[in-house]
Amino acid sequence: KISKGKKMESSKHDGDIVLLSCITKGATAKASSTWKHDTRKFGPLNALDKKSDAAWKSAPSDERNPLAFYEIYFQQPVNVRELRIQFQGGFVGTECTVFKKNHYIGISEGGKWEEFEDLFVDPVETNEVQVFPAEEAESGEFFSALRIEFERSTDFYGRIVIYSFEVWGYESPINMNNSF
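Conventions adopted
Residues numbered from 1 in each chain as written. Predicted model: local features only at pLDDT ≥ 70, side-chain atom pairs only at ≥ 80, totals over all residues. Heavy atoms only, no water. Phe/Tyr/Trp six-rings, centres within 6.5 Å; stacked < 30°, edge-to-face > 60°. Helix = DSSP H or I, 4+ residues; strand = E, 2+ residues; numbered from the N terminus. Buried < 20%, exposed > 50% of the residue type's maximum accessible area, 1.4 Å probe, protein only. Lys NZ or Arg CZ within 6 Å of the ring centre and 35° of its normal. Pairing = 2+ DSSP bridges. Core = buried A, V, L, I, M, F, W, Y, C linked by side-chain atoms within 4.5 Å. Contact = heavy atoms within 4.5 Å. Polar contact = N/O pair within 3.5 Å; in protein donor to acceptor, adjacent residues only side chain to side chain.

Draft legend 1. The arrangement of the packing of aromatic side chains in detail. Summed over the entire model, instances satisfying the criterion amount to six aromatic pairs. On the numbers, 5.4 Å between centres and 80 degrees between planes, the contact of Phe116 with Phe143 is edge-to-face. Of this pair, Phe116 sits in the loop between strand 6 (113-115) and strand 7 (129-133) while Phe143 sits in strand 8 (residues 143-153), placing them 27 residues apart in sequence. Under the relative-accessibility criterion, Phe116 is labelled buried at 3%. In this structure an aromatic cluster arises from ring pairing among Trp56, Tyr70 and Phe165. Above the ring of Trp168, the side-chain terminus of Arg84 is found at 4.0 Å from the ring centroid. The ring of Phe69 has Arg147 lying over it, and the distance from NZ or CZ to the ring centre is 3.9 Å.

Draft legend 2. Quick peek at the pairing of strand 7. The alternating pattern of strand 7 places Gln130 and Phe132 on a buried face and Val129, Val131 and Pro133 on a face that is not buried. Pairing of strand 4 (residues 68-87) with strand 7, which is carried by five bridges, proceeds in the antiparallel orientation. Bridging from a neighbouring strand, Ile85 pairs with Gln130 of strand 7.

Draft legend 3. Highlighting the nonpolar core. If you look at the biggest cluster of nonpolar residues, it comprises 32 residues, and the most contacted ones within it are Tyr70, Leu83, Ile148, Phe150, Ile162, Phe165 and Val167. Contributing elements (two or more residues each) for this core: strand 2 (28-31), strand 4, strand 5 (93-101), strand 8 and strand 9 (161-171). Ranked by the residues each element gives to this core, the list is headed by strand 4, at nine residues. Leu83 has contacts with Leu119, Val121, Gln130, Val131, Phe132, Leu146, Phe165, Glu166 and Val167, leaving out every residue within four places of it along the chain.

Draft legend 4. View of the pairing of strand 4. The element strand 4 is largely enclosed, with a buried count of 18 among its 20 residues. Pairing geometry for strand 2 and strand 4, over four bridges, is antiparallel. Residue Thr28 lies in a different strand from strand 4, and its bridge partner there is Tyr73. Examined bridge by bridge, strand 4 and strand 8 share seven bridges and lie antiparallel to one another. Across the sheet, residue Tyr73 finds its bridge partner in strand 8, namely Ala145. Across nine bridges, the pairing between strand 4 and strand 9 is antiparallel. Within strand 9, the residue paired with Ile85 across the bridge is Phe165.

Draft legend 5. Structural view of the environment of Asn79. Of note, Asn79 is situated in strand 4. Expressed as a C-alpha distance, the spacing of Asn79 and Val167, which sit 88 residues apart in the sequence, is 9.6 Å. Only 2.8 Å separates the side chain of Asn79 from the backbone oxygen of Glu141, close enough to count as a polar contact.

Structural data, given as C-alpha cells:
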C-alpha cells in the first residue's frame with residue numbers, strides 16, 4: 001500500500017512531498033493520441049482526475065511511429081520526487097524515457113525537452129500502482145513540465161491505458177503565473 005505524504009530524506013527540502021499533478025492545482029495533460037478521438041471518455045486529463053474512474057487510453061500505435069507519449073504541465077515550477085502510475089494490465093507502456101522542461105514555459109509548444117536522467121521508469125505488467133522514485137542528484141531542480149515516452153506497449157496493437165498518473169514532489173515557493 002502506498003503511503004501518501006511520506007517524508008522524503010533531503011537536505012534541500014523540509015516537509016512532506018505533495019501531489020503536484022492535481023487538476024485542482026491547474027495541472028493539465030496532453031498525449032500523443034486518444035482512443036477513438038474521444039477526449040471526454042479517454043482523454044489524458046482522466047489519468048489526473050482522482051474523482052473519476054475513467055482513464056487515458058491511447059489509440060493503437062502506427063507501425064511507422066510506435067512512440068506514444070504523455071505530458072503534464074504544471075501551473076508553477078515543481079521539483080519531482082516520484083511518479084505513481086497505475087496502468088491497466090495488458091496495456092502497459094514500456095521502454096520509457098522521462099523528459100522535463102527546465103524553465104517555466106507554460107502550456108505553449110515552446111521550450112526544450114531534456115531527459116530527466118535521475119528518474120528511471122520501468123513499468124511491469126500489473127494493475128497495481130507502481131512507484132518510481134527520482135534519485136537525489138537533481139533534488140534542487142524545479143521545472144514546469146514532465147513528459148514520458150513509451151517506445152512499446154504490452155498490448156499487441158500498441159495501446160496504453162493509464163488509470164492514474166500522479167506526480168509527487170515539492171512546489172516552488174515562487175508562483176510563475178504572477179511573473180507574466
